[in-house]
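# Secondary and tertiary structure notes
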Amino acid sequence: MNWTLVGAVLLSTAGLLVLGVLALRLWLDVRALAREVHGAVGALQRAGEGG
């Protein structure tokens, strides 16, 4: 078996795994940011009603 081909396949697989991990981390960060924005909007609404 050609070791260059095996190396290329392994590097490609590792690259896809890294991209998957980064995509998961991005999704979790966006979800946390959306939760924070939702809380801030609620606080602004409560402040607007109380004023």
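Described in the following lines is the structure provided in the data block. This one's a predicted model, so the numbers in the text were calculated from it and none came from an experiment. (Residues numbered from 1 in each chain as written. Predicted model: local features only at pLDDT ≥ 70, side-chain atom pairs only at ≥ 80, totals over all residues. Heavy atoms only, no water.)

### Overview of the overall build of the protein
- Of regular secondary structure, the protein possesses 1 helix and 0 strands.
- Along the three orthogonal principal directions, the C-alpha set of the protein runs to about 75 × 5 × 5 Å. (Helix = DSSP H or I, 4+ residues; strand = E, 2+ residues; numbered from the N terminus.)

### A short note on the environment of V37
- Mapped onto the fold, V37 is located in helix 1 (residues 3-50).
- In this structure, the C-alpha to C-alpha distance between V37 and E49, residues 12 residues apart in sequence, is 18 Å.

### What to know about helix 1
- For helix 1, built from 48 residues, the straight-helix expectation of 70 Å at 1.5 Å per residue is met to within 8% by its first-to-last C-alpha distance of 70 Å.
- For helix 1, the side-chain oxygen to backbone nitrogen distance between the N-cap and T4 is 3.2 Å, and the N-cap itself is N2. (Expected span 1.5 Å × (residues − 1). Polar contact = N/O pair within 3.5 Å; in protein donor to acceptor, adjacent residues only side chain to side chain.)

### Comments concerning a nonpolar patch on the surface
- Judged by side-chain polarity, L16, V18, L19 and L22 come together as a nonpolar surface patch covering roughly 410 Å² of accessible area.
- With respect to the helices and strands, V18 occurs in helix 1.
- With a relative accessible area of 48%, V18 lands in the partly exposed category. (Patch = residues over 30% accessible without salt bridge, like charges linked within 9 Å, V, L, I, M, F, W, Y side chains within 5 Å. Areas by Shrake-Rupley, 256 points an atom, 1.4 Å probe, with all protein chains shown as cover. Salt bridge = Lys/Arg side-chain N within 4 Å of Asp/Glu carboxyl O. Buried < 20%, exposed > 50% of the residue type's maximum accessible area, 1.4 Å probe, protein only.)

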